[in-house]
Amino acid sequence: MIARTVADTATTPSSGDPARSLTSRAYRELRADILSGRIPPGKKIRIKELQERFGASLSVVREALSRLSSEDLVHAVDQRGFVASETSLEDLEDLMRTRRQIEALAIRQAVALGTPQWEAAVSAAFARLTLLETEGDGGDLRRAEWIAALEKFHETIVAGCGSPSLIRVCRQLSERTQRYRHLTLPIAPTREASKQHKAILQAILARDADKAAAVLDQYFAVTQELLIAAWSAETR
């Protein structure tokens, strides 16, 4: 089983229920806008504008926003509507600390339980990531593709753990990390990160859970430092 991407996380609605279908579409598109930074942190979300954008009723838009609120991506502000959730240094530090702990558990379990098909999927995700890392700086679009490939590599690793609950938690942490990556998009691949990705793959193929978990944690430690430095520079 391979983990789903951000775009796939919403439940597919029944084609016989137009209102439900429209709610899911609004939810998916707004969620992608927030995670990608197209809707920046703290921005007021105007319900009337969303009604016009999606050609939807007030109840449809509010249901979509309520789903986003349950994921802590938007917050209700008294009677004034909703705003995109804020980012902060404390949130980023907590996010990365938690992700390091949870994905260490996931990779250990994946190395123990992963199938040959899982190994092949991880190898393919690594190949795609390596291709983007070696192509150099191609502007914001290329960096966005690299971010997607990077998270896909990690999602594919986690998918081998065999635990739907663990996969779900890892995916949520990954998506929140993506938001910070997109908000600090000038961050680009580094030689050291490329070496660490290769070391993670090699440890997986050798079925060395201790090595895989250790290298993954080293990678996340460096990522944490880079994201915090870039985010702090952006918010000065």
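Residues numbered from 1 in each chain as written. Predicted model: local features only at pLDDT ≥ 70, side-chain atom pairs only at ≥ 80, totals over all residues. Heavy atoms only, no water.

Undergrad: For this particular structure, what's the right way to read the nonpolar core?
TA: Note that soluble globular proteins tend to have their nonpolar side chains buried in a common cluster. Within the largest apolar cluster, 40 residues are counted, with the highest numbers of intra-cluster contacts made by Leu 92, Ile 107, Val 122, Phe 153, Ile 157, Ile 200 and Ile 204. Only α4 (89–113), α5 (116–134), α6 (140–159), α7 (164–183), α8 (191–205) and α9 (209–234) provide two or more residues apiece to this core. Sorting elements by how many residues they give to this core places α9 first, with 9 residues. Leaving out residues up to four positions away in the same chain, Ile 200 has contacts with Ile 107, Phe 153, Ile 157, Val 215, Leu 216 and Tyr 219. Ala 26, Leu 35, Ile 45 and Leu 65 belong to the second-largest nonpolar core, a separate cluster that totals 21 residues. (Core = buried A, V, L, I, M, F, W, Y, C linked by side-chain atoms within 4.5 Å. Buried < 20%, exposed > 50% of the residue type's maximum accessible area, 1.4 Å probe, protein only. Helix = DSSP H or I, 4+ residues; strand = E, 2+ residues; numbered from the N terminus. Contact = heavy atoms within 4.5 Å.)

Undergrad: Which parts of the structure should I look at to understand the confidence of the model for the protein?
TA: Regions with low pLDDT carry predicted coordinates that are not meant to be interpreted in detail. Looking at the protein, the pLDDT average stands at 85 and 85% of residues meet or exceed 70. When pLDDT is averaged over each helix and strand of the protein, the minimum, 85, is found for α6 and the maximum, 95, for α4. Low confidence marks residues 1–15, where pLDDT is under 50. Its contacts with residues over four positions away, or in another chain, come to 33 contacts. (pLDDT = per-residue confidence, 0-100.)

Undergrad: What am I meant to see in unusual backbone geometry here?
TA: Phi is mostly negative for residues that are not glycine, and the peptide bonds are mostly trans. Positive phi, normally seen in glycine, also occurs at Asp 72, with a value near 65 degrees. The class for Asp 72 is partly exposed, based on a relative accessible area of 44%. Even without being glycine, Arg 207 reaches a positive phi, approximately 55 degrees. Mapping Arg 207 onto the fold places it in the loop between α8 and α9. Of the residues examined, Arg 207 reaches a relative accessible area of 32% and is grouped as partly exposed.

Undergrad: Would you take a moment to explain the sheet that holds strand β2 (residues 74–76) for this structure?
TA: Adjacent strands of a sheet form backbone hydrogen bonds with each other and so pair up, either parallel or antiparallel. Reading across the sheet, the 3 strands line up as β1-β3-β2 and stay open at both edges, with antiparallel pairing between neighbours. Every interior strand has two partners, whereas the edge strands, β1 (44–45) and β2, have only one. Across 2 bridges, β1 lies against strand β3 (residues 82–84) in antiparallel orientation. Along β3, the bridge assignment pairs Ile 45 with Phe 82. (Pairing = 2+ DSSP bridges.)

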